[in-house]
Structures are given as C-alpha cells and as structure tokens.
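# Descriptive analysis of the structure
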Amino acid sequence: MKVISLNGKWKCSPDLNDVGIQDKWYDLSKFNELQDLLEEIEIPSSFNLIQKYSLYEGIFWHFFEFKLSKDDLNERTNYRLNFKGCNYLTLVWINGIFLGYHEGGFTPFSFDIERKILKEKNFLVVRTDNTRRKGQIPDLAFDWFNWGGIYRDVELQLLNKNRVENIQIKTNLITSDEWKISISFTVKGHLSINWKILDGKSGNIIKEGVERNLEKKGHVSVTLKEPKTWSPEKPNLYYLKIASIEKDKENEVLFNQHFGIRQIEVVGNRILLNKKPITLKGVSLHEELIQYGRTIPTEKRERDLLDIKSLGFNTVRTAHYSHDESLLNLADKVGILILEEIPIWGKFDYKNPRTFILACKMIKEMIFRDFNHPSVIWWSVGNEIPIENPLVSRFIKNLMDWARKLDDTRIVTYVSYRIFSDICRRHADVATINFYFGWYFASVKQINLFLNIMRIPAYNKPWIFTEFGAGAKYGFHQKLKKFVKYSEERQLLTLEYSIRTFNALDHLSGWLIWNYRDFRSLSRQNKFQMGFNRKGIVSEKTFEKKLIYHRLPKIIEAKRKIMNTRFLGLLIWLILFPIVWILTLTIYAPLLNLFERNVIERGKLKEMKRLNLNQ
Ligand code: ADA
C-alpha cells in the first residue's frame, strides 16, 4: 500500500449562514471565485486555534488541491481517502463529486474512490460542523472543549486490488507456557500470502507460513512456547508481517504492525493480566495540549506517557473518547494500560433509535481501529449516564453486548456515578464508580466507610474507582488553611487521603485520578477556573506541576491504617438503599438534568465577555 499524505496548507472559511452547499463551494470554479476571501490553515489542526474562531462552533469549509503522478493513476489500484479524525459532522467532495458523510468526532472514517473520479490535479473539499445538538454523541452539554475541524491526519491510500484487511490478532494462554496466536482477516480479490511473526527487538523470525489461494476470508493459527509476554513492566512486542506472493516470491508487503502477547480476564472480583492479578493505578487524560488543541505532536504525547509512568501509574483512561492512534502505539511501547471509551457522556437522547445506531457505529470504529493494541484492555460504552432509568440501562446493556460481539478478548463496561440506583451494574464485566469525596460531596474522611458500603453492589466483580479528584489552581497556596477550595494543599490532602485508603482495602481492583492535566471547559468559569477544569495534577502548561504531582511517587503504593467498617457499611447500605434510590428517581436526577442543560452556553457568554470577542 502506498500512502499519500494530504496534510499541509489548506484553504478554509466558516459558513455562518450555511450557504456553502447551495452555492456549490465544493466546485472548483466557485472555489476560484472565493479564493481571495479564504484563509490558510495547516491541516491537521482545529480552526479554534485561529484566534478569531477560538470559540466558534458551526460549519467550517476546508479546501485542498493535490496532484497525483501518472504512475499513481492506474487500473491495478484501489483508492481510499482516509480521515483519522474530524469533529463532528463531516461532508466530503472530491473533484466536485460528493463522496459521503461521517458523524462522530473521534474515530477514523474513509471513502473508497472510483479510479475515474481521480485526475492528475484534484480538488478536495471538506465541510465540518461541530454545532452541539441534542441527539448527537456527545449531546448538548459536556465537560470538555468542543475543538472543531480536521484535527487528525488525512491521507490517500493506494491499495492493491488483491489485499488483506481488518486484521485481528488474538493471543490466548492455552497451557501454563503455551500461547495460541489467532490471526483472522478479510481478503479483497484473490491472493496467496506469506506471513511472519518477528521478534520486536531483534527482528528475528519466530514463525512463518504460507496461505494459498485466499478469497473473502483468511485465518492463521500458531502456537508459541514461552513467548515474551506483554505487560506494563515488560512491554515486549512482536511484529506480524503479511506479504502477497507470486510464484513463491514475496511481492508486496500488505501489513506490518506490532502486537503484544497478553491476556486480560476478569475472574471473580479480580482483573488478571497473563493470569496474575493486577491493580489499575491510573489517571485520566483528555486529548488536549493548549497550544495544539487535539493535534498533539507525538513527542509531546510520549513525554506525557513517560511522565505518567515515572510517577508510578500503570493505567491511562483516554477520557472520554478515542485519542489519536499514535498515543496507543506509544502506550504499547512504553507499557501503559489503556481504558478506552466512546463519548456518551451524561444526558443523552436514549429514546431515539438513531442514537443507538450511532453509538454502535462509534463502538465498531473504535474497536476496529484499536483491536491489535496490547495496551488497550477495556471498552467503555458511556460515562455518568442516568443509569437509574430502565430505558437507559437497557440501552447500555445492549451496547455492551454489541461490544462483546465485536471483541470477546477485553473488559466491557461503562462508567457509573450511581452507587445505590445503578440497575445495570450486574451486566458489566467490572463495577465502576465516579465519586468526588471531599470535593463535590462529603468529607474525604468518609471514604473508607463509603468504600465498605460499596462492597454490596459489586456483584462480586472487580471494583474500579474510575474518578476521584479535587480542583487546584497552580500557584494558589493555603499552607495554614488546608481546606480552602482550589488550593494545591486541598488537592494534595484529598488525593493523598483517598489513595492511601484505596490501597488499604482488599476489594478494589483499581483507581484513577481525575485528571492528568487541566483542560479547557467552557462551563468552568469561576475565578480559579477561568475556562478550565482544574482537577489536573499538572496545569494546562504541563511544566507547572502541582503539589500532588511531586508527592505521587511516594504515595502511589502507600496505605493508611483503616478501621474495619464492613459491618457498618452493610448496615448503612440496608438503610440507605431504599431512601437514596427513591430520592434519586424523584428529586436528584431530574434536578441534575435541569441544571446541566445550558451550562456551556452560559460559560461561553462569560468567556466571550472576558476575552472581548464577538462571535
Ligand atoms: C465527571 C465527569 C468528568 C468531569 C468530572 C469533574 O465525573 O466524568 O468528565 O467532568 O466529573 O471534573 O467534575
């Protein structure tokens, strides 16, 4: 396969009145007319990085002319235009012809292009629209910045008509030292291949074979004795190389990618990695670095992962959507477990059948892209959804079933914020909870009791404390009054106390701090936040490390002495369960719904005033 990058200097324009389609902006003649009004933009990148569009949400057009050589244009080749990520609704035209559209901001999509449409000089037009709307995923309100545009790579793939696609590699431990490697793929056209498994370090061939006269599907199964397994401590990698053969000679390399040999399982209330219990100690991360938006240079992503690892973490939750695949390549190499999810967040339009289909599509795109990354160990199908509602619970259960159908080798779950009223937990592989003790709720000192109350609704599944945290403005200190909100001391105290308690309890299989870095969020507008969620352990500038950051290496394994409150926990559960359940259904959940509605709009207005912007 030959890949032609279509990154570079594109032309662009917002379309405030949505006239572009009617006025045929996708036509080269119209483009030539408009030329002088257009601006230049470096793709990939979000238009929100251009100062005057910094808060723009809406339709934005992107134009690009590119050339193909005579050699590239032939009848032996299939052409595929591939977008790795655009937010949110994307329409694409090439040489004036409409190719199709894609909905969703965080997964790749592509269009197969007929040979006759392509010329030596080509004109590509992409209309993105990041307007927030009810019924989209995520829905109207969410706690992160709505970066728009073409913010990941664009490429034209020149594919051999006879090729392999959708390669999925599964690795299973079958005896105490023997692993089965199953490779399955689809075949386009008709071909014979040879395949090789190579050691990731030395490049030595470990196993190889030939499959002849393949059509439609292919499958290879190999047994390896005592291979070097993948784990966060030893992230050993192998390569799978597949090449087409003609007359027993290697012709073209069709696939050459790393994979890891590892097995993730849930057994009773433990998560096992390669048959050994593992506790997830992690941190969530949004895909954002303020000067780059989401288009983060690979070396900066690597820096983040290395930092996170050096603090003692073994897990990163790529909140709240799939990040660029380059992050997963790095996690595979550095040795970090990844928890991945689709962006169903909070309130969403679960009554609309369209939403279900869209969510299924997002899950499929996520799983197909990331199936072969050993670092990825779970798929989550939603975060903080109103799971007390039977319709929502059914929706989420069906999504989890769908994810399991597509991948039976990973943990499937969703992230909950309901302790008492979650009616779906029994269907998930692991029980999860987001709770901000000592921040939004109660005192952090009550966390031990709370964790003991939590023993009951776990259905003997592993419990993961998926989010806890506290906000802190970098540089704001209150040495004497440690409980002052947004001080670094308050954050330190809350997180340290929580971590020491988590580590002392035997029924937790993991915990994740919310969040690694402060990130933009228009709904956060008090004098400490100023448009940022401040729960990061580093500020948005990354080099500004808060107190907790420096303390983490010392406390990540530390435990505190705790009182045994198991019996009290059980008692409280019995008393509180019916009360909280009824209150959630009648008062709390409906109120929360009301409150969440216009939160971004209000924040945006404040920010516009502050920045003196008219948009
Ligand atoms: C929730 C949510 C996060 C973030 C967090 C917070 O738990 O899942 O996305 O918004 O709250 O900072 O309050």
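Residues numbered from 1 in each chain as written. Predicted model: local features only at pLDDT ≥ 70, side-chain atom pairs only at ≥ 80, totals over all residues. Heavy atoms only, no water.

### Here's the deal with the site of the ligand
Where we set the bar: We define proximity as follows: a residue is near a molecule or strand when any one of its heavy atoms falls within 4 Å of that partner. Two N or O atoms form a polar contact when they lie within 3.5 Å of each other; inside protein one atom must be a possible hydrogen donor and the other a possible acceptor, and for residues adjacent in sequence the pair counts only when both atoms belong to side chains. Each accessible area value is a Shrake-Rupley result obtained with a 1.4 Å probe; residue values ignore everything except the protein chains displayed when judging cover.
Around the ligand there are 13 residues in total, and Asp143, His320, Glu384, Tyr440 and Glu467 lie nearest to it. Residue Asp143 places a side-chain N or O atom 2.4 Å away from an oxygen atom belonging to the ligand. One of the side-chain nitrogen or oxygen atoms of Lys535 is found 2.6 Å away from an oxygen atom of the ligand. Its free accessible area being 320 Å², the ligand has 95% of it covered by the protein chains.

### Some details on the sheet that holds strand β4 (residues 59–67)
Note the threshold: When DSSP finds two or more bridges between two strands, those strands count as paired. A run of H or I in DSSP becomes a helix once it reaches four residues, and a run of E becomes a strand once it reaches two; helices and strands are each numbered from the N terminus. Every axis in this analysis is a line fitted to C-alpha atoms, fitted for helices over the stretch in contact. Angles between the N-to-C directions lie between 0 and 180 degrees.
Reading across the sheet, the six strands line up as β3-β2-β4-β10-β7-β8 and stay open at both edges, with antiparallel pairing between neighbours. Only two strands of the sheet have a single partner each, and these edge strands are β3 (39–43) and β8 (97–103). Put simply, the sheet's adjacent strands are angled 25 degrees from each other on average, direction ignored. Taken together, the five bridges between strand β2 (residues 8–14) and β3 define a ladder with antiparallel strand orientation. Each residue of the ladder has a partner; that of Cys12, found in β3, is Glu39.

### Overview of unusual backbone geometry
Going from Ala319 to His320, the amide bond is cis rather than trans, its omega being -20 degrees. By the secondary structure assignment, His320 is in the loop between β22 (315–318) and α3 (325–334). The residue Thr542 is not glycine, and still its phi comes out positive at about 65 degrees.

### Looking at the pairing of strand β14 (residues 178–199)
The sheet contact formed by strand β13 (residues 163–173) and β14 spans nine bridges and is antiparallel. Across the sheet, Glu165 pairs through a bridge with Thr186, a residue of β14. Taking the residues between adjacent antiparallel strands as the criterion, β13 and β14 are bridged by four residues. Relative to strand β15 (residues 205–225), β14 runs antiparallel, the two being bridged by 18 bridges. Bridge pairing links Trp195 to Gly209 in β15. Hairpin connection, β14 to β15: the antiparallel pair is bridged by five residues, and Gly203 has positive phi, about 80 degrees. With eight bridges connecting them, β14 and strand β16 (residues 238–246) associate as antiparallel partners.

### Details of the packing of helix α7 (residues 488–504) against helix α8 (residues 547–555)
Going by this rule: The cut-offs work like this: below 35 degrees is roughly parallel, past 145 is roughly antiparallel, 65 to 115 is roughly perpendicular, and the gaps in between are oblique. The crossing is said to be left-handed when, going from far helix to near helix, the turn is anticlockwise and less than a right angle, and right-handed when the turn is clockwise. Residue contacts are defined here by distance: any two heavy atoms, one from each residue, within 4.5 Å place the two residues in contact. Amino acids outside the nonpolar list (Ala, Val, Leu, Ile, Met, Phe, Trp, Tyr, Cys, Pro) and the charged list (Asp, Glu, Lys, Arg) are all regarded as polar, and Gly is one of them.
In the contact formed by α7 and α8, the axes pass within 9 Å of each other and the chain directions differ by 20 degrees. In terms of axis orientation, α7 runs roughly parallel to α8. Relative to α8, α7 is oriented so that their crossing is right-handed. The residues of α8 that touch α7, namely those facing Glu488, Glu489, Gln491, Leu492, Leu495, Glu496, Ile499, Arg500 and Asn503, are Leu547, Ile548, Arg551, Leu552 and Ile555. Taken together, the residues of the contact of α7 with α8 sort by class into seven nonpolar, two polar and five charged.

### Some words on the environment of Gly58
With respect to the helices, strands and loops of the structure, Gly58 is situated in the loop between β3 and β4. Spatially, the C-alpha atom of Gly58 lies 5.2 Å from that of Asn130, the residues being 72 residues apart in sequence. Beyond its immediate stretch of four places on either side in the chain, Gly58 contacts Phe47, Thr128, Asp129, Asn130 and Thr131.

### So, the nonpolar core
Short version of the rule: Among the buried residues, those of types Ala, Val, Leu, Ile, Met, Phe, Trp, Tyr and Cys that are joined through side-chain atoms within 4.5 Å form a nonpolar core. The classification of residues rests on relative accessible area computed with a 1.4 Å probe and restricted to protein chains. Under 20% of the type maximum is buried, over 50% is exposed, and intermediate values are partly exposed.
The biggest cluster of nonpolar side chains holds 80 residues, and the ones touching the most others in it are Phe313, Ile396, Leu399, Phe465, Ile513, Ile537 and Leu552. For Phe313, the contacting residues outside a window of four places in its chain are Lys281, Gly282, Val283, Ile308, Ile336, Trp511, Ile513, Ile537, Leu552 and Ile556. Counting residues in hydrophobic clusters, the runner-up holds 32 residues, among them Ile4, Cys12, Leu68 and Leu156.

### Section: the domain arrangement of the protein
One frequent convention defines the size of an interface as the accessible area lost when the parts assemble. To keep it simple, the criterion reads: Where each domain begins and ends is defined by an automated method or by a domain database. When two parts are brought into contact, each loses some accessible area as probed by a 1.4 Å sphere; the total of that loss over both is the buried area. The working definition used for a salt bridge is a side-chain nitrogen of Lys or Arg within 4 Å of a carboxyl oxygen of Asp or Glu.
Here the protein is partitioned into domain 1 (2–160), domain 2 (163–259) and domain 3 (274–574). Look at where the C-alpha atoms of domain 2 and domain 3 centre, and you get two points 34 Å apart. With 16 residues of domain 2 at the interface, the matching set in domain 3 holds 21 residues. When domain 2 packs against domain 3, close to 1500 Å² is buried across both sides, 59% of that on carbon and sulfur atoms. On the domain 2 side of the contact with domain 3, Trp230, Pro232 and His258 bury the most area, a combined 39% of that side's loss. The tally of links from domain 2 across to domain 3 stands at one salt bridge.

### Topic: the environment of Ser509
Within the fold, Ser509 resides in strand β28 (residues 508–513). Counting along the chain gives 229 residues from Ser509 to Leu280, while the straight-line C-alpha distance between them is 6.3 Å. Those residues within four positions of Ser509 in sequence are excluded, and the remaining contacts are Asn269, Arg270, Ile271, Ile278, Thr279, Leu280, Pro462, Trp463 and Ile464. Engagement of the side chain of Ser509 in a polar contact is seen with the backbone oxygen of Asn269, the distance being 3.2 Å.

### Quick notes on the pattern of salt bridges
This structure, assessed with the given rule, holds 51 salt bridges. When the shortest N-O distance is used, the salt bridge between Lys281 and Glu557 registers 3.0 Å. Highlighted residues: Lys281 in strand β21 (residues 280–285) and Glu557 in the loop between α8 and α9 (566–596), separated in sequence by 276 residues. What makes Lys281 buried here is its relative accessible area of 8%. Each member of the salt-bridge network shares a partner with another, and the members are Glu57, Arg132, Glu601 and Lys604.

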